Amino acid sequence: MKILAFNGSPRRNGNTATLLDQAIAGAQERGAEVERFDLYTLQFSGCVSCFSCKRLDRERPIVCVVKDDLQPVLEKVRSADAICIATPVYYGSETASTRALIERLCFPYLNYADYTKSHFPRRIPVGLIYTMNIPQERVEAMGYDVTFGRTRSTLAREFGACEIVMACNTTQYDDYSKYEANATPESKKAYRDAHFAEDCEKARMLGTQLANGKLAG
Ligand SMILES: Cc1cc2nc3c(=O)[nH]c(=O)nc-3n(C[C@H](O)[C@H](O)[C@H](O)COP(=O)(O)O)c2cc1C
């Protein structure tokens, strides 16, 4: 069982990486071999719309032909048994590097002749982890559930069942007294103390489920 884990945050030890590492630990406890990629250490772009992956004279499945640091990673997806993508929310969506990954990962497997059939030859589970500053009760009001749901549908169509874990109202600074913020250090700490361990546990469970090859939801 091989799982590929992607950290879509520029911070290699931030909230997103912490949850992703919990998912990795959960998967490893079940005997999975996990490789983590920090997207911001790789030089790559999003889809360049060359449509090489849509040419009829190419044998499928095709991995994106753009040659950069992401291409060997996309090659590894061919033999992966599960994928886990973790991202902070930036301006209501995934980070730029996470979006670029999703474009390059999914588009070659998108069957333009029949959207109901993926070119990816197997069904594998996908974990999706989001961390964000807004509190849980604002997720729907801000329409984040719709955005996350759209990404879930994209991944589910090409790969298989996709489950989301979220951590809200995350801590952004070590010392809130030194930075602009719309919350007090005390309120941030209180929220983290009350919720972050639970969020980490959900991520760990997600990793366990990915290693088991199936998702609960
Ligand atoms: C450029 C930027 C944009 C952000 N936009 C949002 C946003 O739209 N909504 C939100 O809830 N949090 C937003 N945040 C906060 C991060 O999503 C949040 O702090 C996240 O947990 C950071 O993850 P990290 O610690 O892994 O970097 C933004 C942060 C940055 C740096």
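Relevant structure appears above.
Below is a summary of the structure that appears in this document. Along each chain, residue indices are assigned from 1 in the same order as the chain's sequence is written. Note on the predicted model: pLDDT of at least 70 is required for a residue's local features to be given, and 80 or more for side-chain atom pairs to be given and counted; whole-chain, interface and lining totals, by contrast, use all residues. Just so you know, side-chain values use all the structure's heavy atoms and leave hydrogens and water out.

## A short note on unusual backbone geometry
Cis geometry marks the peptide bond from R60 to P61, where omega comes out at 5°. Mapped onto the secondary structure, P61 falls in the loop between β2 (33–38) and α2 (70–77). Even without being glycine, F51 reaches a positive phi, approximately 60°. Segments assigned H or I by DSSP are reported as helices when at least four residues long, segments assigned E as strands when at least two residues long, and all are numbered from the N terminus. Tracing the sequence through the fold places F51 in the loop between β2 and α2.

## A look at the site of the ligand
The environment of the ligand is formed by 17 residues, the closest being T16, V89, T131, Y144 and T170. What qualifies as a polar contact is a pair of N or O atoms within 3.5 Å, subject to a donor-acceptor requirement within protein and to the restriction that residues adjacent in sequence count only when both atoms come from side chains. Take S9: an N or O atom from its side chain is 2.9 Å from an oxygen atom of the ligand. The separation between an oxygen atom of the ligand and a polar side-chain atom of T16 is 2.7 Å. In these tables, accessible area is a Shrake-Rupley quantity obtained with a 1.4 Å probe, and a residue counts as shielded only by the protein chains included in the view. For the ligand, whose unbound accessible area comes to 650 Å², protein coverage reaches 79%. Of the pockets mapped on this structure, the ligand occupies the largest pocket. Under the convention adopted here, Pro, Cys and the residues Ala, Val, Leu, Ile, Met, Phe, Trp and Tyr are nonpolar, Asp, Glu, Lys and Arg are charged, and Gly plus all remaining residues are polar. Of the residues contributing to the shell around the ligand, the split by class is seven nonpolar, nine polar and one charged. For this purpose, a residue is taken to be near a molecule or strand whenever a single non-hydrogen atom of the residue falls within 4 Å of it. Both cavities and pockets are sets of points on a 1 Å grid over the protein atoms alone; in a cavity a 1.4 Å probe fits but cannot get out, in a pocket the set is open with protein on both sides within 12 Å along at least five of seven lines, and lining residues sit with an atom within 4 Å of a point. Grid points define the cavity or pocket, and a molecule sits in it when more than half of its atoms lie within 2 Å of them.

## A look at helix α4 (residues 144–158)
With 15 residues, α4 should reach 21 Å at 1.5 Å per residue; the first-to-last C-alpha distance of 22 Å fits that figure. Partly exposed residues are those whose accessible area sits between 20% and 50% of the maximum for their type, while under 20% is buried and over 50% is exposed, using a 1.4 Å probe and protein chains only. All buried positions along α4 are accounted for by Y144, T147, F148, T151, L155 and E158. The buried residues of α4 occupy an angular sector of 95° when the element is viewed end-on, so they sit on one face. By the convention used here, residues are in contact when the closest approach between their heavy atoms is within 4.5 Å. Where α4 is buried, its residues contact β3 (82–88), α3 (96–106), β4 (126–131) and β5 (162–167). At the exit of α4 stands G160, carrying a positive phi of roughly 155°. What a helix is expected to span follows from its residue count: subtract one and scale by 1.5 Å. What the arc covers is the set of directions going from the helix axis to the C-beta atoms.

## With respect to α2
Three or more residues of α2 are buried, namely L70, Q71, V73, L74 and V77. Down the axis of α2, the buried set is contained in an arc of 160°. They therefore lie on one face. Tucked inside the fold, the buried residues of α2 contact β1 (2–7), β2, β3 and α3.

## Concerning the packing of aromatic side chains
The pairing test for Phe, Tyr and Trp rings, Trp by its six-membered ring, is centres within 6.5 Å, and the orientation test on the planes gives stacked under 30 degrees, edge-to-face over 60, and tilted for anything in between. Applying the stated criterion across every chain yields a total of 12 aromatic pairs. Ring centres of F6 and F37 lie 5.5 Å apart, and the angle between their planes is 20°; this geometry places the pair in the stacked category. With F6 in strand β1 and F37 in strand β2, the pair connects residues that are 31 residues apart, well separated along the chain. Each member of the pair, F6 as well as F37, carries the same accessibility label: buried. For the ring pair F51 and F107, a centre distance of 6.0 Å and an interplane angle of 65° mean the geometry is edge-to-face. Taken together, the residues span a long stretch of sequence, with F51 in the loop between β2 and α2 and F107 in the loop between α3 and β4 at a distance of 56 residues. Residue class for F107 comes out buried when judged on its relative accessible area of 18%. Positioned over the ring face of F107 is K54, at 4.3 Å from the centre of the ring. The aromatic ring of Y112 is capped on one face by K54, whose charged end is 5.4 Å from the ring centroid. Lysine NZ or arginine CZ positioned within 6 Å of the ring centre and within 35 degrees of the ring normal marks a charge as sitting over the ring.

Geometry only, nothing functional implied.
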